[in-house]
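Spelled out from the first residue to the last, the chains are:
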Amino acid sequence: MIRLIPSLPAAYVIARVVWPLPAPLALRLGLAALLLVASQYHLWSRLSSGSVFAPEFPRPVVILFNWAFGAIALAAVMQLALDLVALISLALPGGGWAIPTAWRAALAAAAACLSAVAVWRAARVPPLKDVPVAIADLPPGLDGYTILHLTDLHISRLFPAAWAGAVVARANALRADLIVVTGDFIDGSLEARRSDVRPLQDLRARDGVWAVPGNHEYFFDHDAWMRHLAGLGIRVLANAHTVLRRGGAALVLAGVTDRSAPATGHPGPDLDAALAGAPEGAPIVLLDHQPANAARAAARGVALQLSGHTHGGMIRGLDRLVARGNAGFVSGAYRVGTMRLYVSNGTGLWPGFALRLGRPSELTRVTLRRAT
């Protein structure tokens, strides 16, 4: 199935866009072959590393594959819309509209351009997004407290050491009180990514760097990665919490493991264990890679949950489908009972589908404010 399903959009584009072109047969056959090769990007990724999640090609090749893969997907959707219009026209007086060849060529060019923009927006170092969060009964000493939220870095051949170093430099320049990372640090084995993640050891914040694992850590020797991240100075909250203080004010920072953990024999998320022994009355900030359990966190009195995982849906329209798999949460701020939930679009994203249109990546600076 991994070979057939990605081939279907390519086959559709070949049949409806490439084959009708008034071009020599050899050229059309060559274009068809290139589209079929590009459609098998995830197969080539698996052959390169043993996993579809970690393409081990040079960065320009990964970018090129994502551009071609995205262009095929966009062209297929656009051509399908065009064909549906032509089909509907059959029911109209004077219908049966023919689709000019020039329209097909223009459609293919538009898809290629859109895909190039989408890959560029996905692969860049993300801009800053400021998110103020009002919390009821926030102690005065915590009013204005800043949390820099990173998530879904997916450090890989697409997001290598140079990209990670640029993200770290931009993060440190913001001088946040706290830096948190809500999972999906990497795509690849420790041996493959050791040098790429090294810049993370330079992250600095007054109250430290804290994190939780994401589902991708469980794809690549979770235990080894957690030890390595700890060695880089990143403290992992696996169903645990810490208490941060500003004068006499206390802030509980809790973290849970990912929902996918039990599938690999690791403990699943346990919010009760994470909050055991937390000081009564202190506001709770929860780190949970996936946002789907937000209602449960709200019921336990969490004031703010920070999540990622969805990549913001990557493309407007596609985000509605992504939301359905994440309890309706996909991008931005939500109110869940009395709790605030913020779902980041992500710092990076999976290099197997690195496109962004209307859902930009972000460095998220959350500023806590007293609710009035």
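Residues numbered from 1 in each chain as written. Predicted model: local features only at pLDDT ≥ 70, side-chain atom pairs only at ≥ 80, totals over all residues. Heavy atoms only, no water.

1. Observations concerning the overall build of the protein
For the record, the criterion: Helix and strand definitions follow DSSP, with helices as H or I runs of at least four residues and strands as E runs of at least two, each counted in order from the N terminus. Accessibility here uses a 1.4 Å probe with only protein chains present; expressed as a share of the type maximum, an area under 20% marks a residue as buried, one over 50% as exposed, and anything in between as partly exposed. The criterion used for residue contact is that any of the two residues' heavy atoms lie within 4.5 Å. The method behind every accessible area is Shrake-Rupley, applied with a 1.4 Å probe, and residues are considered shielded solely by the protein chains displayed. Charged-residue counts in this description rest on Lys and Arg as positive and Asp and Glu as negative, His and the chain ends being excluded. Just so you know, the charge point we use is NZ for Lys, CZ for Arg, CG for Asp and CD for Glu.
Check the secondary structure of the protein and you find eleven helices and twelve strands. Overall, the C-alpha framework of the protein stretches about 75 × 50 × 40 Å when taken along its three principal axes. Buried positions account for 54% of the 372 residues belonging to the protein. If you take every contact in the protein between residues at least 6 apart in sequence, the share linking residues at least 24 apart comes to 75%. With an accessible surface of roughly 15,800 Å², the protein has 63% of that area assigned to carbon and sulfur atoms. Charge separation in the protein, taken as the distance between the mean sites of 34 positive and 23 negative side-chain charges, equals 7 Å.

2. A few points about the UniProt feature "domain: Calcineurin-like phosphoesterase" (unreviewed entry) in the protein
This is how the line gets drawn: UniProt positions are given in the numbering used here, feature names are shortened, and annotations may be inferred rather than shown by experiment.
Per the UniProt entry, the sites bearing "domain: Calcineurin-like phosphoesterase" (unreviewed entry) are residues 146–312 in this numbering. Structurally, residues 146–312 is divided into 25% helix and 23% strand, and its ends, taken at the C-alpha atoms, are 22 Å apart.

3. Topic: the domain arrangement of the protein
Where interface size is given, it is often the accessible area lost as the parts come together that is meant. Heads up, the rule is: An automatic or database domain assignment supplies the residue ranges for each domain. Note on terms: buried area is the combined drop in 1.4 Å-probe accessible area of two parts once they are placed together, counting the loss on both. Here, a salt bridge means any Lys or Arg side-chain nitrogen found within 4 Å of an Asp or Glu carboxyl oxygen. For the purposes of these results, a polar contact is taken to be a pair of N or O atoms within 3.5 Å, where, inside protein, one atom must be able to donate a hydrogen and its partner to accept one; residues adjacent in sequence count only when each atom of the pair is a side-chain atom.
The assigned domain composition of the protein is domain 1 (4–121) and domain 2 (126–368). Between domain 1 and domain 2, the C-alpha centre-to-centre distance is 35 Å. Taken together, the contact pairs 22 residues of domain 1 with 20 residues of domain 2. A combined buried area of about 1,800 Å² lies between domain 1 and domain 2, and 62% of that area is made up of carbon and sulfur atoms. Taken as a group, Phe53, Arg59 and Arg121 account for 34% of the area that domain 1 buries against domain 2, more than any other trio of residues on that side. Residue Glu56 pairs with Arg157 through a salt bridge whose shortest N-O separation is 3.4 Å. Inspection of the region where domain 1 meets domain 2 yields nine residue pairs in polar contact (both at pLDDT 80 or more).

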